[in-house]
Amino acid sequence: MKRVRRVACIGECMIEMSDWDPAAGTARVGFAGDVLNTAVYLARLLHDRDVDICFVSNVGTDGFSDRMVAQWEEEGIDCRLVGRRADRLPGVYAIETDAAGERFFRYWRSESAARTLFAGPGPGPGPGPELHELAAFDAIYLSGVTLAVLSPAVREALVESAKELRARGGVVAFDGNYRPVLWPDVATAREALDRMWAHSTIALPSADDEAAVNPGCDPASRIAALGATEIAVKRGSAGPLLWPGADDENGYAATTSVIDTTGAGDGFNAGYIAARLTGRDRAAAAAAGHALARVIVGHRGAILPRSAFDAAAGEIAA
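Basis of the calculations
Residues numbered from 1 in each chain as written. Predicted model: local features only at pLDDT ≥ 70, side-chain atom pairs only at ≥ 80, totals over all residues. Heavy atoms only, no water. Helix = DSSP H or I, 4+ residues; strand = E, 2+ residues; numbered from the N terminus. Rg over C-alpha atoms; globule rule 2.2 N^0.38 Å. Buried < 20%, exposed > 50% of the residue type's maximum accessible area, 1.4 Å probe, protein only. Contact = heavy atoms within 4.5 Å. Areas by Shrake-Rupley, 256 points an atom, 1.4 Å probe, with all protein chains shown as cover. Lys, Arg positive; Asp, Glu negative; His and termini not counted. Charge placed at Lys NZ, Arg CZ, Asp CG, Glu CD. Phe/Tyr/Trp six-rings, centres within 6.5 Å; stacked < 30°, edge-to-face > 60°. Lys NZ or Arg CZ within 6 Å of the ring centre and 35° of its normal. Salt bridge = Lys/Arg side-chain N within 4 Å of Asp/Glu carboxyl O.

Participant: Explain the overall build of the protein to me, please; I cannot follow it from the model alone.
Facilitator: Tallying secondary structure elements over the protein gives 11 helices and 12 strands in all. By the compact-globule yardstick of 20 Å for 318 residues, the protein fits well, its C-alpha radius of gyration being 18 Å. Taken over 318 residues, the protein has a buried fraction of 54%. Sequence separation of 24 or more characterises 72% of the internal contacts of the protein that already satisfy a separation of 6 or more. Accessible surface, the protein as shown: approximately 13,000 Å² in total, 53% of it carbon and sulfur. Across the protein, the centroid of the 32 positively charged side chains sits 3 Å from that of the 42 negatively charged ones.

Participant: Help me understand the packing of aromatic side chains in this model?
Facilitator: What describes a pair of aromatic rings is the distance from one ring centre to the other and the angle between the planes of the rings. Scanning all chains against the criterion turns up five aromatic pairs. Just above the ring of F137 sits the side chain of R6; from NZ or CZ to the centre is 4.1 Å.

Participant: I'm lost on helix α7 (residues 219–226) in this one. Help?
Facilitator: Each α-helix turn comprises 3.6 residues. Residues three or four places apart therefore point the same way. Turning to α7, its buried residues are P219, A220, R222, I223 and A224. On the buried face of α7, the contacting elements are α5 (186–197), β10 (202–203), α6 (207–213), β11 (230–233) and β12 (241–243). Among the residues trailing α7, G227 stands out with phi positive, at a value near 130 degrees.

Participant: Explain unusual backbone geometry to me, please; I cannot follow it from the model alone.
Facilitator: Geometrically, the link from W243 to P244 is a cis peptide bond, its omega value of -10 degrees lying close to zero. One can find P244 in the loop between β12 and α8 (264–277). Despite not being glycine, D50 has its phi angle at roughly 55 degrees, a positive value. By secondary structure assignment, the location of D50 is in the loop between α1 (34–45) and β4 (52–60). Positive phi is not limited to glycine here, since F118 has a value of about 65 degrees. By secondary structure assignment, the location of F118 is in the loop between β7 (103–108) and β8 (139–143).

Participant: What's the story with the pattern of salt bridges in this structure? I'm lost.
Facilitator: Two side chains bearing opposite charge may form a pair once their charged atoms approach each other closely. As enumerated under the stated definition, the model contains 19 salt bridges in all. Between R6 and D78 there is a salt bridge, with the nearest N and O atoms lying 4.0 Å from each other. On the criterion of sequence distance, the pair formed by R6 in strand β1 (residues 6–10) and D78 in the loop between α2 (63–74) and β5 (82–85) is long-range, its members being 72 residues apart. Assessed through its relative accessible area of 24%, R6 is described here as partly exposed. Of the residues examined, D78 reaches a relative accessible area of 10% and is grouped as buried. Several salt bridges share partner residues, and in doing so they unite R6, D52, D78 and R80 into one network.

The following block contains the structure:
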């Protein structure tokens, strides 16, 4: 894999409400989104490796949006390609978890600013990011949620940009994160996801998502047949399945305490991508991703507090 210096993470960030206390009528408010979560972890993992992590999105001009951008900049994320829309607000979602730590989401995002990404200038202090600006990056990362919130025309143009980047020797990392509520039907989702899998150099599907979109199919062989170069199928606590298989792939440590699974897959993606971009083999990358995911599920919310991340840094890097 060639030297990567600039990574564009393309997606949506929303206002996150969690830890709802019905008796007190309070909830914890944070900012998260699948691609943004991965961008944060990439920035933390690669902060001393001369790799620029850029978040590409649209937000509003409101106070919540201001605080979002300020937080990202504090994490060391380049926000020059975050557009500001005076006519839109960030989306909102609430997390509910069951006794096993499994999470359920409730969304308010149909008119979010991120849905206007790459759709041309709108009212606001700047024109917003444009697709041609992705040509300046060595790698891009996006998800099925990214594709779902864009218009069909913009979605297709983004897929073509990924195709061109891969043809130039760049890295295209993709997680087919499937949220049924964001798609008109499963057939539309399957077609869009498959178009992106075909141009991916690092494919990061989850077994659960693939079972929902392509029931009865083996995820690794199906996505490999579409054209993906390397694949890590996320299987929760069982650890990832790699394609092609890695000779030194070992068993993965079990997860002993699950409080909240939100963001675990995003953390795995960051651990895997960061390891691959810094020259580690696929087995080591999978182990790093699994280690970070194990830490994440032991905490509430999508993004680990910096103190918890730092405390686990040795395990993640091992």
